[in-house]
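Overview (structure and organization)
Next come the chains, spelled out residue by residue.
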Amino acid sequence: MSLLAQTTWWLPPDFSEHGWQIDRLINWLHYFMAVLFVGWGVFLAYCMTRFTWKRVSMAHYTPVKAKASKVIEVAVIIFEVILLVVFSMPVLAKYKNEPPTPADNPFEVHVVAQQFAWNIHYPGPDGIFGKRDIKFVKDATNPIGLDRDGDPNAKDDIVSNNQMPLPAGRHIIVKVTSKDVIHSFNIPMLRVKQDAVPGIEIPVWFKVKEGTTSDAIREQMARTVVVPAAGESTTAYELWCRNNLTFDEVKGADGQVVLKKGAEPGKDHLEALRAAGVKELRVGPRDPVEIHCTQLCGLTHYKMRGQVLIQSQADFDKWYEEKAKGTGDFIED
Amino acid sequence: MSHGHDHSHGSHGHDPHGHDHHEPGFLGKYVFSVDHKVIGIQYAVTSLVFLLVGFTMMLIMRWQLARPDEAVPIIGGLLARLGITNAGTRSLLPEGYNMLGAMHGTIMVFLGVVPLAVGGFGNYVMPLQIGAKDMAFPKLNMMSYWVFLAGGIVMLASFGANGGAAQSGWTSYPPLSNIALSGQTWWLVGMVLLITSSLLGSVNFITTIFHLRAKGMSLWKMPFFVWGQLVTAFLLLLAFPPLEAAGVLQLMDRVADTSFFMPAGLYVGDKPVTSWTGGGNPLLWQHLFWFLAHPEVYVLILPAMGIVGEVLANNTRKPLWGYKTLVYSIIFLGFMSFIVWAHHMYMTGMGTAISTFFQATTMIISIPSVIILTCFIISLYGARIRYNTPMLFAISFLPMFAIGGLTGLPLGLAAADIHLHDTYYVIGHFHYVVAPGTIFALFAGIYHWFPKATGRRMNEFLGKLHFWPSLIGMNMIFGPMFFVGIAGVQRRLWTQVDYNLGQLTQSWVVFSSVGAAVLGLAQIPFIINFFSTALAGRKVTQNPWDATTLEWAAPSPPPHGNFLTEPVVYCGPYEYSVPGKKSDFCPQCQPMEA
Ligand code: HEM
Ligand SMILES: [Cu+2]
Ligand SMILES: [Cu+2]
């Protein structure tokens, strides 16, 4: 039952600046669909109960004059035109045709997808991306084939695996491509999706709302997990603890620490938790903003999961400079 | 001149006319028959088996989704031999999930629904409804079935290929499909056979409808079902060739190292790709594929609408409301279905000019669907509804198709599609169209025409025992998928429990899987009903539903050559409850004043 209580019914939270327009369109569409469906449904239910074999002795041969059908059709057309012209086309045009200008001081990142990971390529403090070529690819250390030795611009570049730190409040341009098959770069909670097609580099742009941080989102998505008593099903507990971290240190009655702050609880801790008389845990997702791959890309497509780490510009800059110093580093998750 | 009634009791076919005199032997009569009815039944039975196979695959997948990594019950051990489950733990492997997923899609579409709707119902019912003795090209018809069967066998046999069956989805996007193991080659060969079979069939349908209609059967007197089959045949004829070509190109990419769909500079696994020179474009495949696959969804739905039209008219005891509007609508749908394909590709990076075009065409194509549904629902107004099993299935088609159709709108608007594309929302959307939509219509058709094909009527109690839990099961499975998809969970996942958004919707997934079990159990009464009726069901007259269309003027089952006397058509297809008439229906083959 704790399962059902925490189940979601609608859109996930959105932390992008443009996302509300997509959500608004989705919401309006569903209101419109609901009205049509209920309208049809009520009429259908009326007919089904009013015109039964018993209640009618002979069906009507002459067709009814149904002005309603014309009205429905015209209304549907008008509504669809409005949604298309007012609420979809301009949103898409902005999403697709109006990249941030240099005046917006955008921050550019490259994403090179591969089976089954997201490689994130940052240009480093010089702001220039080093050259990539498949002849330099080394799986463990240089997955994107960055020319570290030949190209001076590559010296300070940062390449990270599945981890994507980004500053909030700044225009971001992501250029998406793939090394092997088609993937799709999707961050549901930023309402961003773009196929990663090998041989083509396709840009998407967005801005995370000023003031957002992954830590705050984790807090927002926090949940309480019931510790199952001995003999009870552990399914819900295991599901809700998976990839989740505790917010507080969990101590038993004897003051012994059962779970540290920021630890991932699991099946292994169950006995200790029960022994300590802990009934509930407060946890939040380790990586609250995830990158999904939405295109079937092979065997472990289901595992192709990345994380966006949203930080303040200041925190991001600190991380950025730190990493850029460790030239040649490849950051694994 | 009321020959429709003359023979109502003579259902054993001793036909002095149109009957060839040397009796074919058993093989010629039941196996290598050229009779459209035998071929229709062969198609129907084969595709019902495939539907069951495709559904069973999905049950296994639903088990994995609800209970990730737990042993598959009953057949878990057996599946290990095919490399689908883990030999030790008997749980479904990710490669097994991908195989079953790709084959479920392929089987359901190309070996289940289309062959049942077109090969089965089209073949059996259409020539009877237009008063023809057989199809225009009976041998071609037979060949179409056998090529289809060969395609099906190749598909199933591919599970034995090195590395198992195809794993790249029913869409088979390169480069993934190009670099895949040999199961993909089998898939392509199977597809080429299936496409060939459909092409043979479609030429035959078109010729038959245009040339073999009975005297008096003008186009505007054709039953709506025949119109549905006619438009469907044109879609198959015009949309399949590009896919056949694309299939051959992909086959060449795989076996002859051509690079139609392979760009240069790929790096797969731990080495650069060298067997292809590159220079191809993977998006070309998507265009060719969806140029077929969008019209294909209308191939899946138009015959279903045809069946619903027939069953509704018969059981409302009144003419279909807006018959001509319905016909114009499906013709318009047919045309439009060729210019909406790229709404499946909004996320590939297409420019806004192109996406605007495809958004607009997609909104336009939704209008005739709204009209069709509205006509069907208004048909119930002023009716005298007979709630038998076929009618229950046909009526429930309406709200189910409505859900499926309406949820297509958010996917058709590119801005909303940014969030919804390739999520479970898509799975929910098209399944509402093809599963509680088309499949229900097909069930309606089976219950409706079973007495024609066998002379026996299916049991009503078992029919209702089939209908109600099926309706509940279908909605339990597919309803929750909208919530899972709106939450942002992508499709084709072996498990979603690692994702935050997946965890938040996992209880829906479990609920869905329970629904799948309900749906599975609900098919037991149907299977019992099907066989027990065929063998020993209640015998009925040749027109047990008091129907108007020509197939009911032939004996049940109709003999080779179909009609005892050549039918002549006097009136439209749905002359029910005509004022001033004694009976509440006027068969097409009787003059109205009779
Ligand atoms: C009636 C029972 C059915 C159930 C329970 C069912 C369930 C499903 C589910 C859960 C998926 C998504 C799997 C995934 O993304 O991992 C799926 C995919 C699919 N289904 Fe069904 N389905 C049914 C019937 C049908 C029918 C009748 C058709 C077609 C006429 C169909 C065509 C497809 C296709 C084309 C896919 C996509 C396969 C792919 O990802 O390549 N299904 N089905
Ligand atoms: Cu991927
Ligand atoms: Cu489409």
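What follows deals with the overall build of chain A. Of the regular secondary structure elements, chain A holds seven helices and 16 strands. Each principal axis of the C-alpha atoms in chain A carries an extent, and together these give about 90 × 60 × 40 Å. Expressed as a percentage of contacts within chain A between residues at least 6 apart in sequence, the contacts between residues at least 24 apart total 67%. Accessible surface computed for chain A: about 15500 Å², of which carbon and sulfur atoms make up 58%. Computed over 38 positive and 40 negative side-chain charges, the inter-centroid distance for chain A is 9 Å.

What follows covers the sheet that holds strand E4 (residues 163-167) of chain A. All names here are of chain A. Read from one edge to the other, the open sheet built from five strands follows the order E4-E15-E14-E6-E7, with strand pairing classed as mixed. Looking along the sheet, the strands with just one partner apiece sit at the ends: E4 and strand E7 (192-196). Across the sheet, the axes of successive neighbouring strands diverge by a mean angle of 25°, strand direction being ignored. Relative to strand E15 (residues 306-311), strand E14 (residues 290-293) is paired through two bridges, and the arrangement is antiparallel. Directly across from Ile291, in E15, lies its bridge partner Gly306.

Looking now at the nonpolar core. Membership of the largest hydrophobic core comes to 272 residues, with the highest contact counts inside it found for Tyr122, Met164 and Phe185 of chain A together with Phe224 and Phe376 of chain B. Considering every element that reaches this core, the biggest residue donor is helix H5 (residues 94-129) of chain B, with 19 residues. The contacts of Tyr122 of chain A, once residues within four sequence positions are left out, are Phe107, Val109, Phe129, Asp157, Ile158, Met164, Pro165, Phe316, Trp319 and Tyr320 of chain A.

Residues and elements named next belong to chain B. Around ligand 1 there are 28 residues in total, and Tyr97, His104, Trp170, His431 and Arg492 lie nearest to it. The side chain of Tyr97 places a nitrogen or oxygen atom 2.5 Å from an oxygen atom of ligand 1. Contact between ligand 1 and Arg491: an oxygen atom at 3.3 Å from a side-chain N or O atom of the residue. Elements that contribute at least two residues to the shell around ligand 1 include exactly helix H3 (36-66), H5, helix H15 (424-454) and helix H16 (460-486). Here the residues of the shell around ligand 1 are counted per class, giving 20 nonpolar, five polar and three charged.

Attention now moves to the domain arrangement of chain A. Residue and element names in this part refer to chain A. Looking at the assigned domains, one finds that chain A contains domain 1 (19-55 + 63-97), domain 2 (102-213 + 310-324) and domain 3 (222-285). Here the C-alpha centre of domain 2 lies 41 Å away from the C-alpha centre of domain 1. Residue-level contacts link seven residues of domain 1 with six residues of domain 2. For the pair domain 1 and domain 2, the summed buried area comes to about 540 Å², and 42% of that belongs to carbon and sulfur atoms. If you sort the residues of domain 1 by the area they bury against domain 2, Asp23, Tyr95 and Lys96 come out on top, with a joint share of 75%. Note that Arg191 is salt-bridged to Asp23, the shortest N-O span being 2.7 Å. Our enumeration of links across domain 1 and domain 2 arrives at five residue pairs in polar contact (both at pLDDT 80 or more). Taken together, the elements giving at least two residues each to the side of domain 1 that touches domain 2 come down to helix H2 (19-50) and helix H3 (67-97). The element contributing the most residues to the side of domain 1 that touches domain 2 is H3, with four residues.

We now examine the coordination of the iron atom of ligand 1. All names here are of chain B. Around the iron atom of ligand 1, the donor atoms from the protein are His104 (NE2) and His431 (NE2), and they sit 1.9 to 2.0 Å away. Coordination at the iron atom of ligand 1 comes from six donor atoms whose angles at the metal span 88 to 178°, giving a geometry best classed as octahedral. With His104 in helix H5 and His431 in helix H15, this residue pair connects regions lying 327 residues apart in the sequence. Take His104 and His431: they sit in the same class, and that class is buried.

Now for the coordination of the copper ion (ligand 3). Residue and element names in this part refer to chain B. The protein atoms that coordinate the copper ion (ligand 3) are His294 (ND1), His343 (NE2) and His344 (NE2), at distances spanning 1.6 to 2.0 Å. Spacing between the donor residues of the copper ion (ligand 3) along their common chain follows H-x48-H-H. Taken as a pair, His294 in helix H9 (residues 282-316) and His343 in the loop between helix H10 (323-336) and helix H11 (352-378) lie far apart in primary sequence, 49 residues in all. Here His294 matches His343 in class, with each residue buried.

A word on the interface of chain B and chain A. Many authors give the size of an interface as the accessible area that is lost as the parts come together. With 100 residues of chain B in contact, the opposing surface of chain A contributes 98 residues. For the pair chain B and chain A, the summed buried area comes to about 9000 Å², and 69% of that belongs to carbon and sulfur atoms. When the buried area of chain B at its contact with chain A is split by residue, Tyr267, Arg384 and Ile418 of chain B rank highest and sum to 9% of it. At the boundary of chain B with chain A, the tally comes to one salt bridge. Measuring nitrogen to oxygen at the nearest pair gives 2.7 Å for the salt bridge that ties Arg242 of chain A to Asp498 of chain B. The tally of links between chain B and chain A comes to 36 residue pairs in polar contact (both at pLDDT 80 or more). It is H11 of chain B that provides the largest number of residues to the side of chain B that touches chain A, a total of 14 residues.

Here we take up the packing of H2 of chain A against H3 of chain A. All names here are of chain A. One way to put it is that H2 packs onto H3 with a least axis distance of 10 Å and a crossing angle of 170°. Taken together, the axis directions place H2 and H3 in an arrangement best described as roughly antiparallel. Along the contact surface, H2 presents Gln21, Ile22, Arg24, Leu25, Trp28, Leu29, Phe32 and Leu36, while H3 presents Ile72, Val76, Phe79, Glu80, Leu83, Phe87, Ser88, Val91 and Lys94. Taken together, the residues of the contact of H2 with H3 break down into twelve nonpolar, two polar and three charged.

What follows deals with empty space enclosed by the protein. Residues and elements named next belong to chain B. Tallied over the full model, the rule gives eight cavities of 30 Å³ or more. Considered as a void within the structure, the largest cavity measures approximately 210 Å³ in volume. If you trace the largest cavity, you find 20 residues lining it, with Tyr43, Val114, Pro115, Ser197 and Ser198 closest to the centre. Of all the secondary-structure elements, those providing two or more residues to the lining of the largest cavity are H5, helix H6 (138-157), helix H7 (183-211) and helix H8 (224-255). When residues in the lining of the largest cavity are grouped by element, the largest group, seven residues, is from H7.

Time to look at the confidence of the model for chain B. Should pLDDT be low for a region, the predicted coordinates there are not to be read in detail. Residues and elements named next belong to chain B. With 96% of its residues at a pLDDT of 70 or more, chain B has an overall mean of 94. Below pLDDT 50 for its whole length, residues 1-20 participates in 34 contacts with residues either more than four positions away or in separate chains. The ipTM value of the predicted complex is 0.95, and its pTM value is 0.94.

Tallied over the entire structure, the rule returns 60 aromatic pairs over all chains. Judged by centre distance (6.0 Å) and plane angle (50°), the ring pair of Tyr145 of chain B and Phe148 of chain B falls under tilted. With Tyr145 of chain B and Phe148 of chain B both in helix H6 and three residues apart, this pair spans about one turn of that helix. Residues Tyr145 of chain B and Phe148 of chain B agree in their burial class; the two are buried. Seen in terms of ring centroids, Phe393 of chain B and Phe440 of chain B are 5.2 Å apart; in terms of plane orientation they differ by 80°. Their pairing is edge-to-face. On the criterion of sequence distance, the pair formed by Phe393 of chain B in helix H12 (residues 389-406) and Phe440 of chain B in helix H15 is long-range, its members being 47 residues apart. Here Phe440 of chain B falls in the buried class, since its relative accessible area comes to 0%. Here the aromatic residues Phe393, Phe440, Phe443, Tyr447, Phe450, Phe467, Trp468, Phe526, Phe530 and Phe531 of chain B are joined through ring pairs into a cluster of three or more. The aromatic ring of Trp53 of chain A is capped on one face by Arg384 of chain B, whose charged end is 3.8 Å from the ring centroid.

Conventions and cut-offs
- Residues numbered from 1 in each chain as written.
- Chains lettered and ligands numbered in written order.
- Predicted model: local features only at pLDDT ≥ 70, side-chain atom pairs only at ≥ 80, totals over all residues.
- Heavy atoms only, no water.
- Helix = DSSP H or I, 4+ residues; strand = E, 2+ residues; numbered from the N terminus.
- Contact = heavy atoms within 4.5 Å.
- Areas by Shrake-Rupley, 256 points an atom, 1.4 Å probe, with all protein chains shown as cover.
- Lys, Arg positive; Asp, Glu negative; His and termini not counted.
- Charge placed at Lys NZ, Arg CZ, Asp CG, Glu CD.
- Pairing = 2+ DSSP bridges.
- Axes fitted to C-alpha atoms, helices over the stretch in contact; angles between N-to-C directions.
- Core = buried A, V, L, I, M, F, W, Y, C linked by side-chain atoms within 4.5 Å.
- Buried < 20%, exposed > 50% of the residue type's maximum accessible area, 1.4 Å probe, protein only.
- Near = heavy atom within 4 Å.
- Polar contact = N/O pair within 3.5 Å; in protein donor to acceptor, adjacent residues only side chain to side chain.
- Nonpolar A, V, L, I, M, F, W, Y, C, P; charged D, E, K, R; others polar.
- Domains from an automatic or database assignment.
- Buried area = accessible area lost by both parts, 1.4 Å probe.
- Salt bridge = Lys/Arg side-chain N within 4 Å of Asp/Glu carboxyl O.
- Donors = N, O, S within 2.8 Å, 3.2 Å for Na, K, Ca; no water.
- Tetrahedral: all angles 85-135°; square planar, octahedral: opposite > 155°, others 65-115°.
- Parallel < 35°, antiparallel > 145°, perpendicular 65-115°, else oblique.
- 1 Å grid on protein atoms, 1.4 Å probe; cavity = no way out; pocket = protein on both sides within 12 Å on 5 of 7 lines; lining within 4 Å.
- Points joined across faces, edges and corners; volume = space filled by probe spheres on them.
- pLDDT = per-residue confidence, 0-100.
- Phe/Tyr/Trp six-rings, centres within 6.5 Å; stacked < 30°, edge-to-face > 60°.
- Lys NZ or Arg CZ within 6 Å of the ring centre and 35° of its normal.

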